[in-house]
Amino acid sequence: YGGRDFWGMKILGHSVTGLNLTPDPGCPGTQVGNAEEPWPFPDNAFDVVIAGEILEHLIHDYKALAEARRVLTPDGKLLITVPFIHDEPEYHIRVHTPRSIRRFLKYCGFQVDRYVERPGIPFKPTLNRFITVLMLAALSLTGKTYYRPLLRIIGDWEYFWAERFWFIRSMAGKARIVNWGCVICASKLDRFQSHLEVNVQSFQTLK
């Protein structure tokens, strides 16, 4: 995304450190690393870890969440976004549903504090092209793109629909009409059950 979240947090006055697979000169302070391997940061180093549209790309996604848990302060927050039932791109290794992502976070040691579904925007590629033309026109006429206020309007629209009409939203997502997904804010659990223990108990119950 060209550092969208990185610079968005910077503009809000936060100290930001990025982690990327390749060097990113456009985002100063970004460390090079693989999210599925040990992160180049000490324990309890961050108040917030943001992973936007990341987990669906990872084979060892649980390792990434273990590292996120390690580098977060005891009261730190994990903020993630994931798409739902989106397996068309070759680079989407994991496919999540509203239920699976909650379960996955729980077994990786996180408690979901807030869950908001992303209702998606119909005809998003066409809308993106229209917004680009609109921004370029505004830039040429006024010297400003007005990206931030427009982004706020779109965000408010999405949050409005995120709290309503779940059935319609899920049906539109499954039909690929909208980019259905969620935003989750989670905190660290002091104690959490291993998924292996859950599997053993489940199989013993079936016997």
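For the structure itself, consult the block above.
This one's a predicted model, so the numbers in the text were calculated from it and none came from an experiment. Numbers given to residues run from 1 along each chain, matching the order in which its sequence is written. Totals for whole chains, interfaces and linings use every residue, but because this is a predicted model, local features are given only for residues with pLDDT of at least 70 and side-chain atom pairs only at 80 or more, for both listing and counting. To obtain the side-chain values, all non-hydrogen atoms of the structure were included, while hydrogens and water were left out.

Novice: I keep staring at the layout of surface pockets and nothing clicks. Help me out?
Specialist: One simple way to see leftover space: roll a probe sized like a water molecule over the atoms. Here a cavity is any set of points on a 1 Å grid over the protein atoms alone where a 1.4 Å probe fits but cannot get out, and a pocket is any open set with protein on both sides within 12 Å along at least 5 of 7 lines; a residue lines the site when it has an atom within 4 Å of a point. Grid points are joined across faces, edges and corners, and a volume is the space filled by probe spheres set on the points. For the second largest pocket, the calculated volume is near 280 Å³. Residue lining of the second largest pocket: Asp61, Tyr62, Ala66, Arg69, Arg94, Phe104, Tyr107, Cys108, Phe192 and His195, and that is the complete set. Put simply, DSSP marks the helices as runs of H or I at least four residues long and the strands as runs of E at least two long, and each gets a number from the N terminus on. Put simply, the parts of the chain that give the lining of the second largest pocket at least two residues each are helix H2 (61-71) and helix H3 (98-107). Residues belonging to the lining of the second largest pocket are distributed by class as follows: six nonpolar, one polar and three charged. Each residue is assigned to one of three groups, with Ala, Val, Leu, Ile, Met, Phe, Trp, Tyr, Cys and Pro labelled nonpolar, Asp, Glu, Lys and Arg labelled charged, and all others, Gly among them, labelled polar.

Novice: For this particular structure, what's the right way to read the side chain of Ser187?
Specialist: Among the structural elements, Ser187 can be located in strand S6 (residues 181-188). Relative accessible area decides the class of each residue, using a 1.4 Å probe on protein chains only: under 20% of the type maximum gives buried, over 50% gives exposed, and in between gives partly exposed. Residue Ser187 is classed as buried on the basis of its relative accessible area of 12%. Each residue touching Ser187, except ones within four places of it in the same chain, is listed here: Gly76, Lys77, Gly109, Phe110, Gln111 and Asp113. What makes two residues a contact is simply this: any of their non-hydrogen atoms within 4.5 Å.

Novice: Where do I start with a nonpolar patch on the surface in this structure?
Specialist: A grouping of Trp157, Phe160, Trp161, Phe165, Trp166, Phe167, Ile168 and Met171 is seen on the molecular surface, where their side chains present a nonpolar patch of about 860 Å² in accessible area. Elements that contribute at least two residues to the nonpolar patch include exactly helix H5 (147-162) and helix H6 (166-174). Counting residues per element, the nonpolar patch draws most heavily on H6, at four residues. Relative to the assigned elements, Phe160 resides in helix H5. Assessed through its relative accessible area of 41%, Phe160 is described here as partly exposed. Like-charged residues within 9 Å of one another, or nonpolar side chains (Val, Leu, Ile, Met, Phe, Trp, Tyr) within 5 Å, are grouped into patches, provided each residue has over 30% relative accessible area and no salt bridge. Surface accessibility in these figures is a Shrake-Rupley result with a 1.4 Å probe; residues are shielded only by whichever protein chains are displayed. Salt bridge, as applied in this entry: a Lys or Arg side-chain nitrogen positioned within 4 Å of an Asp or Glu carboxyl oxygen.

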